[in-house]
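Commentary on secondary and tertiary structure
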Amino acid sequence: ASAEAATKKTHEKIEKKPSEKEKKSDKVEPPKTPTKEKEKPAEKKPAEKNAVTNGTKETPPKSISELHMTIMHRQRRVMVTGRVNEEMAKSVVAQLLYLESVSATEPVTLIINSGGGSVTDGLAIVDAMGVVSYPIRTVAVGRACSMAAIILSCGAQGKRLVAPNARVMLHQPSHGLSGTTSDILISAAEAERTRARLVGIVAKQTGRSAEEVQRLMDRDQHFSADESVRFGIADDVLTSKFGSFLEHGQMNNGMAETREEATTKDSKELSSEKSTKSKSSSSSSSSSSGSPL
C-alpha cells in the first residue's frame, strides 16, 4: 500500500510539471498594434494631346518610324527609297491616297532614291500618281534608275527636280523566261508589250519620239543631273535657291532651263550644226569646181 501511494505521488508530480511548449504558450504576448502602411500617391498620367486634323483625332506615334511617318505626312512628303517591290508600292500608294483624303489640293513631294525594281509594282505607283487630284512634285536624290527614273519623269510638269550629284539611268526591262516553248513565246510577247508601254510613258513625259526613246533604252543609258534635264526626264536641277521649294511647294523665279527651253536649245544647236555643215559642203564644192580634173 505504501508503494502504491509513492507511485501515485510521483505520477502526480510528473503530471503537474508543465512542458516547455506549455511554458511558451503560457506567456502572454502584448497585442501588436497594426502599423499603417504608407499610401503611395497616385501617379498622375500625362494627358495625351491628340492633334485634330480634318475633324479626326490622331493617336500619338508609338515608335520612331511612326513618328517619322507622321512628320513626313504633316509636311506632305513621301519617301520612295530602296528597291521597287510589292511592299514599297503598297506603302507609297496608301500614303498618296491618305494624303488626298487630308487635302485634295495641296501638292505632295515624292523624294526618290532607288535603283529600280519590279515593273508592275512601279506602274502601280505611276497609276496612283495619275489618279490623285493634287499635283505631285518629284525630287531625285542619290539615284533614280530604271523604274525609279520613270516614276521621276511622271511628276507634274515643271515640278520634277534632280539633285546636282544624283544619277539617272534608263534601260529596257529584263525578263528571266523559262518553261515550255509555248510559254516562252507567250511571255516574250508580254515582255514586248511591257517594253512598248514603258517607251510610251517615257516618250510622253519627255516630249520625244517613241523611236528615239526605244533606241536609247535598248542599252543602259546613264544621265547626270544636267543631262537628265536636257533629255526631259526632269525639269531643273535642285540647287540652294530651291530651299524654299520643299518648304512651301513653289518654284522660285530665276529657274534654270525648263524642259521646253532645253528642247528648243537642242533644236537650235542641231540647226546651227546643219547650217555649218551646209556651208562647209558648199565651200568644198565651189573649190572642187574651180580645180582641174
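The structure this text deals with has already been given above.
Everything numeric in this text was worked out from a predicted model, so none of it was measured.

**Some points on the packing of aromatic side chains**
Two descriptors summarise a pair of aromatic rings, namely the distance from one centre to the other and the angle between the planes of the rings. By the definition in use, this model includes one aromatic pair. Considering the side-chain rings of phenylalanine 223 and phenylalanine 231, the 5.3 Å spacing of their centres and the 35° angle between planes classify their relative orientation as tilted. Phenylalanine 223 gets classed as buried once you look at its relative accessible area, which sits at 7%. Of the residues examined, phenylalanine 231 reaches a relative accessible area of 6% and is grouped as buried. The ring of tyrosine 134 has arginine 76 lying over it, and the distance from NZ or CZ to the ring centre is 5.4 Å.

**So, the pairing of strand E5 (residues 136-145)**
The element E5 is extensively covered by neighbouring structure, given that seven of its 10 residues are classed as buried. Bridge analysis of strand E4 (residues 108-114) against E5 gives six bridges, and the strand direction is parallel. Looking at E5, one finds that leucine 110 is bridged to threonine 138. Running through helix H5 (residues 119-131), the crossover from E4 to the neighbouring parallel element E5 is right-handed. Relative to strand E6 (residues 160-162), E5 runs parallel, the two being bridged by three bridges.

**Let's talk about helix H7 (residues 181-206)**
Along its 26 residues, H7 runs 37 Å from first to last C-alpha, staying within 8% of the 38 Å computed at 1.5 Å per residue. Among the residues making up H7, those that are buried are Ala191, Thr194, Arg195, Leu198, Val199, Ile201, Val202, Ala203, Gln205 and Thr206. Phi turns positive, to about 75°, at glycine 207, one or two residues after H7.

**A closer look at the nonpolar core**
If you look at the biggest cluster of nonpolar residues, it comprises 48 residues, and the most contacted ones within it are Leu96 and Leu170. Among the elements that take part in this core, helix H6 (residues 147-153) stands out by supplying six residues, more than any other. When neighbours within four sequence positions are excluded, leucine 96 is seen to be in contact with Val78, Val108, Leu110, Ala128, Met129, Val132, Tyr134 and Ile136.

**Concerning the packing of helix H4 (residues 86-102) against H5**
At a minimum axis separation of 9 Å, H4 and H5 run at an interaxial angle of 5°. Taken together, H4 and H5 sit at an angle that is classed as roughly parallel. The residues of H5 that touch H4, namely those facing Glu86, Met88, Ala89, Val92, Val93 and Leu96, are Asp121, Ala124, Ile125, Ala128 and Met129. Here the contact of H4 with H5 is built from residues that sort into nine nonpolar, no polar and two charged.

**Focus on the pattern of salt bridges**
Counted by the stated rule, this structure contains seven salt bridges. A salt bridge links lysine 90 to glutamate 87, with the shortest nitrogen-to-oxygen separation between them at 3.6 Å. With lysine 90 and glutamate 87 both in helix H4 and three residues apart, this pair spans about one turn of that helix. Residue lysine 90 shares its accessibility class with glutamate 87, and that shared class is exposed. With a shortest N-O distance of 2.7 Å, arginine 193 and glutamate 190 are connected by a salt bridge. In this pair, arginine 193 and glutamate 190 are both assigned in helix H7, three residues apart and thus about one turn of the helix distant. The exposure class assigned to arginine 193 is exposed, which follows from its relative accessible area of 52%.

Cut-off values and rules
- Residues numbered from 1 in each chain as written.
- Predicted model: local features only at pLDDT ≥ 70, side-chain atom pairs only at ≥ 80, totals over all residues.
- Heavy atoms only, no water.
- Phe/Tyr/Trp six-rings, centres within 6.5 Å; stacked < 30°, edge-to-face > 60°.
- Buried < 20%, exposed > 50% of the residue type's maximum accessible area, 1.4 Å probe, protein only.
- Lys NZ or Arg CZ within 6 Å of the ring centre and 35° of its normal.
- Helix = DSSP H or I, 4+ residues; strand = E, 2+ residues; numbered from the N terminus.
- Pairing = 2+ DSSP bridges.
- Right-handed = clockwise from strand over helix to strand, strands pointing away.
- Expected span 1.5 Å × (residues − 1).
- Core = buried A, V, L, I, M, F, W, Y, C linked by side-chain atoms within 4.5 Å.
- Contact = heavy atoms within 4.5 Å.
- Axes fitted to C-alpha atoms, helices over the stretch in contact; angles between N-to-C directions.
- Parallel < 35°, antiparallel > 145°, perpendicular 65-115°, else oblique.
- Nonpolar A, V, L, I, M, F, W, Y, C, P; charged D, E, K, R; others polar.
- Salt bridge = Lys/Arg side-chain N within 4 Å of Asp/Glu carboxyl O.

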